[in-house]
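Survey of secondary and tertiary structure
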Amino acid sequence: MVSVVLVLMNTYFITQARDMIFSSKIRAARTQAGVIEIALGDDALTTSYVSQIISRLDVSQYTNVIVVDNYGRQLFGSGGTSIPEAVDYHENVALALSGYDISYSSFSNGTFETGAYVPVMHDSVTTGAIFLMEQDAEQGAVLAGLQNTVIRVTYLVVVLSLILIALITLTLMRRVTSIIRGIESVREGEYTYEIRVTGNDELALLSREFNDLTRKLRETENVRRRFVADASHELKTPLASIRLLSDSILSSSNMDVHLAREFVTDIGHEAERLSRTTEKLMKLARLDSDIDDRSKAVDLKNTVKSAVRMLMPVAAETDITISLNLADDCLVFASDDALHSVVYNLIENAVKYNTEGGRIDITLTHTDSTVVLSVADTGIGIPVEDLENIFQRFYRVDKARSRAAGGSGLGLSIVYSTLLRYGGSIEAKRRPGGGTEFVATLPLYEK
Ligand code: ADP
């Protein structure tokens with residue numbers, strides 16, 4: 001834009017100014033020639049008559065004023081009687097004698113030169129011609145001054161533009177360097193680098209995206225660290241018990257057989273818990289890594305029925321009633337085993353965290369696009385502040401109760417990850433009369 005303005009200033013505006021001066025000078029010369037023609041009137045043109053008339057007029061601004069008769073012979077000449085070197089003088093005088101008006105204006109060496117050839121008419125007959133020529137160095141100086149000013153302004157603008165471009169480039173470089181430094185620090189595993197965001201341009205957008213990315217990486221890293229710590233803790237506890245129990249057996253030389261049996265049984269339980277936890281961890285790892293997927297169309301009604309069949313004896317131990325309300329054609333596209341563990345976990349929890357003589361209501365419905373499974377119990381319920389955390393790995397509301405019931409704190413995170421993987425979701429709600437309702441949603445599979 002700056003270049004375009006500079007080119008325009010140096011060409012268009014200067015040319016326009018020069019052309020305006022040209023036309024005003026031509027107009028003035030022709031008007032003056034016209035005034036002389038009128039002043040000459042109808043009288044016959046003689047040398048004395050013409051000089052007498054012209055001496056009464058003010059033609060001082062013209063370098064040459066020449067009047068010729070109809071043969072082209074000079075009757076009057078100011079500015080020296082010599083014929084000027086003006087372009088094609090004789091040719092133009094001849095044209096003026098034939099009745100044509102001729103004028104020109106040019107600019108060279110800082111001077112405007114303007115000329116006008118006008119015929120002198122009497123009863124539609126040409127009796128002579130007038131030639132006026134002006135050489136104006138004053139206006140020429142004005143135009144040359146204007147030209148100089150424009151060139152000076154051009155230099156100034158070019159220098160200022162270069163300084164501005166250098167400043168902008170430096171600022172951009174600094175911002176890009178900051179982004180590159182951030183990327184390098186992330187590559188080295190350092191996620192705390194934050195880019196200072198300034199402005200609202202693409203680089204600011206990139207910086208904001210980068211900061212979001214590192215924030216997410218930090219969160220993921222924290223989750224991973226917590227998970228490793230939790231997992232080690234979960235595995236360490238049963239291992240420590242096993243170690244303690246086996247040490248006790250080994251250190252007492254004559255232990256009662258019954259007590260030894262009890263200790264060995266406990267060791268067995270702990271080992272079982274260990275294997276359950278590792279199995280669930282492996283299941284979660286499989287869900288995270290997307291491997292081993294054998295998806296097919298599965299009717300969730302059958303999955304619910306099979307899970308209920310397996311858990312019925314456990315529910316009966318504490319007098320828990322399970323009521324079913326299952327719609328037909330609740331097809332979803334997923335792995336049979338994965339769906340089974342979702343449904344099994346939800347119903348198992350509804351049994352585990354229920355009270356004696358409680359109820360479990362299982363409802364399965366579908367809309368045009370989704371299958372909805374609700375498992376509601378009349379159990380101990382979940383405090384509001386824990387509701388949003390229960391899908392996290394190893395999260396338990398009541399650690400002691402969960403552990404006593406053989407829980408690992410991984411069941412609901414497996415449920416959550418499985419549903420997410422098949423395009424579904426889950427939410428937990430407190431029931432008005434006490435207890436909890438889990439509502440799982442999955443996309444309906446169209447046959
Ligand atoms: P756990 O193996 O401990 O049952 P889960 O991931 O299945 O682990 O559940 C996480 C926690 O959520 C449980 O420890 C329990 O405190 C709570 N919870 C899950 N289901 C229910 C329920 N139906 N009623 C009350 N609390 C529940």
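What comes next is a walk through the structure. On a predicted model such as this, the values are computed, not experimentally measured, just so you know. (Residues numbered from 1 in each chain as written. Predicted model: local features only at pLDDT ≥ 70, side-chain atom pairs only at ≥ 80, totals over all residues. Heavy atoms only, no water.)

1. Here's the deal with empty space enclosed by the protein
In this structure the tally under the stated criterion is two cavities of 30 Å³ or more. Considering only enclosed or pocket space, the largest cavity measures out at about 60 Å³ in volume. Looking at the lining of the largest cavity, the elements that each hand over two or more residues are α8 (336-352), β10 (370-377) and β12 (436-443). Taken together, the residues of the lining of the largest cavity sort by class into nine nonpolar, one polar and no charged. In this structure, the second largest cavity encloses a volume near 30 Å³. Every residue along the wall of the second largest cavity is listed here: Ile66, Val67, Val68, Tyr89, Val93, Ala96, Tyr117, Ala129, Ile130 and Phe131. Elements with a minimum of two residues in the lining of the second largest cavity: β1 (64-69), α3 (89-97) and β5 (125-136). Looking at the lining of the second largest cavity, its residues break down into ten nonpolar, no polar and no charged. (1 Å grid on protein atoms, 1.4 Å probe; cavity = no way out; pocket = protein on both sides within 12 Å on 5 of 7 lines; lining within 4 Å. Points joined across faces, edges and corners; volume = space filled by probe spheres on them. Helix = DSSP H or I, 4+ residues; strand = E, 2+ residues; numbered from the N terminus. Nonpolar A, V, L, I, M, F, W, Y, C, P; charged D, E, K, R; others polar.)

2. Considering the pattern of salt bridges
Under the defined criterion, the tally for this structure stands at 17 salt bridges. One salt bridge in this structure joins arginine 224 and glutamate 221, with 3.0 Å as the shortest N-O distance. You can see arginine 224 and its partner glutamate 221 sitting in helix α5 (residues 202-251), three residues apart, about one turn around the helix. As a salt-bridge pair, arginine 431 and aspartate 361 come within 3.8 Å of each other at their nearest N and O atoms. With arginine 431 in the loop between β11 (425-430) and β12 and aspartate 361 in strand β9 (residues 359-366), the pair connects residues that are 70 residues apart, well separated along the chain. You can call arginine 431 partly exposed: its relative accessible area is 24%. (Salt bridge = Lys/Arg side-chain N within 4 Å of Asp/Glu carboxyl O. Buried < 20%, exposed > 50% of the residue type's maximum accessible area, 1.4 Å probe, protein only.)

3. A look at the pairing of strand β2 (residues 74-77)
Taken together, the three bridges between β1 and β2 define a ladder with antiparallel strand orientation. Its bridge partner lying in β2, isoleucine 66 is registered against glycine 77. (Pairing = 2+ DSSP bridges.)

4. Regarding the sheet that holds β1
Read across the open sheet, the five strands follow the order β2-β1-β5-β4-β3; overall the sheet is antiparallel. Across the chains shown, the open sheet's two edge strands, defined by having one partner strand only, are β2 and β3 (102-108). Ignoring which end each strand starts from, the neighbouring axes of this sheet average 15° apart. Strand direction decides the pairing type here: β1 and β5, joined by six bridges, are antiparallel. Bridge pairing in β5 places asparagine 64 opposite methionine 133. Where helix α2 (residues 47-56) meets the sheet, it contacts β1 and β2, and its direction lies at approximately 25° from that of β2. (Axes fitted to C-alpha atoms, helices over the stretch in contact; angles between N-to-C directions. Contact = heavy atoms within 4.5 Å.)

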